[in-house]
Amino acid sequence: MIKRRLLIAGNWKMNPSIDDSVSLAGEIAAGMDSLKGVDVLLAPPFTALGVVREAIKDSGIFLSAQNMHWKTNGAFTGEISGAMLIETGCTHVIIGHSERRNLFHETNEMIDLKAKAASLLGLIPILCVGETLEQREGGHTFKVLKEQLDLSLNNYRSVGIMPPSTILAYEPVWAIGTGKTATPSQAQEVHRFIREWLETSFDSKTASQVRILYGGSVKPDNTADLMSQEDIDGALVGGASLKPDSFLQIIRFS
Ligand code: 13P
């Protein structure tokens, strides 16, 4: 069995100022000195990408954006392209976060275009899926996830190849920013489902290589239990990534 390297990612959302981003990134980078065996990634707001890149230089921390447009350039007022993210030093980009899907009406089709554009440019997508509380309580979790996966990874499916560096993130909407975490077994059940979907849609090698992160109220005290699950390959952390101490504790969970 291929051992997947854990990834702990901090999604800062629309939070820190440029100055706060510099100190947050600097403290995280300084606290990573003796760290081995875990990848770490930070996703600051667009405005702080440049300063965070400098603050994490030589630390081994990966830089990610929180969104991108699928076109390279053109008349798309207010948008940022993948090419621009690469120019800013990003190696990764979060795509299809539930806040983008629900608050900004992003469709699976748009997310599919973004995933395709990101990988053509050499940016690694962190593609998010997840069900709402209503969908879970109605017993529709797996149907919803299958539809999100099928449609938002349609370009990969149509060629039968998904770059193994692609990262998926399961973020149940009901667990985001609510303090309500999926139990380790609830999360594992969904992660297993996603891995089986990868195997059916691509092949067993892809399924064994692609990392699937869990996101939704990850905190220092629940990280170890979540990370002990076979199909959970890391965490996408929101609120707790905004405090250097709690993010460093999550990184050092083991
Ligand atoms: P919280 O960790 O604040 O629940 O946010 C999770 C998230 O949305 C990460 O992308």
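Details of the structure are given in the entry above.
Reading the values: the criteria
- Residues numbered from 1 in each chain as written.
- Predicted model: local features only at pLDDT ≥ 70, side-chain atom pairs only at ≥ 80, totals over all residues.
- Heavy atoms only, no water.
- Near = heavy atom within 4 Å.
- Polar contact = N/O pair within 3.5 Å; in protein donor to acceptor, adjacent residues only side chain to side chain.
- Nonpolar A, V, L, I, M, F, W, Y, C, P; charged D, E, K, R; others polar.
- Disulfide = S-S within 2.5 Å.
- Buried < 20%, exposed > 50% of the residue type's maximum accessible area, 1.4 Å probe, protein only.
- Pairing = 2+ DSSP bridges.
- Helix = DSSP H or I, 4+ residues; strand = E, 2+ residues; numbered from the N terminus.
- Axes fitted to C-alpha atoms, helices over the stretch in contact; angles between N-to-C directions.
- Contact = heavy atoms within 4.5 Å.
- Right-handed = clockwise from strand over helix to strand, strands pointing away.
- Salt bridge = Lys/Arg side-chain N within 4 Å of Asp/Glu carboxyl O.
- 1 Å grid on protein atoms, 1.4 Å probe; cavity = no way out; pocket = protein on both sides within 12 Å on 5 of 7 lines; lining within 4 Å.
- Points joined across faces, edges and corners; volume = space filled by probe spheres on them.
- Parallel < 35°, antiparallel > 145°, perpendicular 65-115°, else oblique.

Caption draft 1: Spotlight on the site of the ligand. Lining the immediate surroundings of the ligand are Asn11, Lys13, His97, Glu171, Ala175, Ile176, Gly177, Gly216, Ser217, Leu236, Gly238 and Gly239. Asn11 is positioned such that a nitrogen or oxygen atom in its side chain is 3.0 Å from an oxygen atom of the ligand. Between the ligand and the protein, one listed contact pairs an oxygen atom with a backbone N or O atom of Ser217 at 2.7 Å. Across the shell around the ligand, the residue classes tally to three nonpolar, seven polar and two charged.

Caption draft 2: Here's a closer look at the state of the cysteines. Within this structure, the stated rule accounts for zero disulfides. In this structure Cys90 is not part of a disulfide, and its nearest cysteine sulfur, from Cys128, lies 15 Å away. Take Cys90: its relative accessible area is 6%, and that puts it in the buried class.

Caption draft 3: Examining the sheet that holds strand β7 (residues 211–215) more closely. Within the closed barrel, the eight strands sit side by side as β1-β2-β3-β4-β5-β6-β7-β8. Their pairing is parallel. Ignoring which end each strand starts from, the neighbouring axes of this sheet average 25° apart. With four bridges connecting them, strand β5 (residues 124–129) and strand β6 (residues 167–170) associate as parallel partners. Bridging across to β6, Cys128 finds its partner in Ala169. Each of β5, β6 and β7 touches helix α9 (residues 184–201); the most contacted strand, β7, lies at about 150° to it.

Caption draft 4: Just the pairing of strand β4 (residues 92–95), in detail. Of the two faces of β4, the one carrying His92 and Ile94 and the one carrying Val93 and Ile95 are both buried. For the segment spanning strand β3 (residues 62–65), helix α3 (residues 82–87) and β4, crossover handedness is right-handed. Summarising the sheet, β4 and β5 pair through four bridges and their orientation is parallel. Among the inter-strand pairings, Ile94 is bridged to a residue of β5, identified as Ile126.

Caption draft 5: Up close: unusual backbone geometry. Despite not being glycine, Lys13 has its phi angle at roughly 50°, a positive value. Mapped onto the secondary structure, Lys13 falls in the loop between β1 (6–11) and α1 (18–30). Phi is positive for His105, which is not a glycine, with a value near 55°. Structurally, the position occupied by His105 is in the loop between α4 (98–103) and α5 (108–121).

Caption draft 6: Representation of the pattern of salt bridges in the model. Within the structure shown, the criterion is met by 16 salt bridges. Salt-bridge contacts for Arg211 lead to Asp39; the nearest nitrogen and oxygen are separated by 2.9 Å. Taken together, the residues span a long stretch of sequence, with Arg211 in strand β7 and Asp39 in strand β2 (residues 38–43) at a distance of 172 residues. We classify Arg211 as buried; its relative accessible area is 16%. Exposure remark for Asp39: the relative accessible area of 12% places this residue in the buried category. If you follow the salt bridges from partner to partner, you end up with Arg4, Arg192, Arg195, Glu196, Glu230, Asp231 and Asp233 in one network.

Caption draft 7: Layout of the layout of surface pockets. Roughly 420 Å³ of internal volume is contained in the largest pocket. Taken together, the residues that form the lining of the largest pocket break down as six nonpolar, five polar and three charged.

Caption draft 8: Seen up close, the environment of Pro172. Here Pro172 lies in the loop between β6 and α9. Its relative accessible area of 0% is what places Pro172 among the buried residues. If sequence neighbours within four positions are ignored, Pro172 has contacts with Gly130, Glu131, Ala182, Tyr214 and Gly215.

Caption draft 9: Quick peek at the side chain of Asp150. Looking at the element boundaries, Asp150 is found in helix α7 (residues 141–152). Of the residues examined, Asp150 reaches a relative accessible area of 13% and is grouped as buried. Polar contacts involving the side chain of Asp150 include one to the side chain of Lys146, which spans 2.6 Å. Excluding its chain neighbours within four sequence positions, the residues that come into contact with Asp150 are Arg157 and Trp197.

Caption draft 10: View of the packing of α5 against α7. Running from amino to carboxyl end, α5 crosses α7 at an angle of 45°, the nearest separation of the two axes being 8 Å. Comparing the axis directions of α5 and α7 gives the class oblique. Residues Asn108, Glu109, Ile111, Asp112 and Ala115 of α5 pack against Glu147, Gln148, Leu151 and Ser152 of α7. Here the residues of the contact of α5 with α7 sort into three nonpolar, three polar and three charged.

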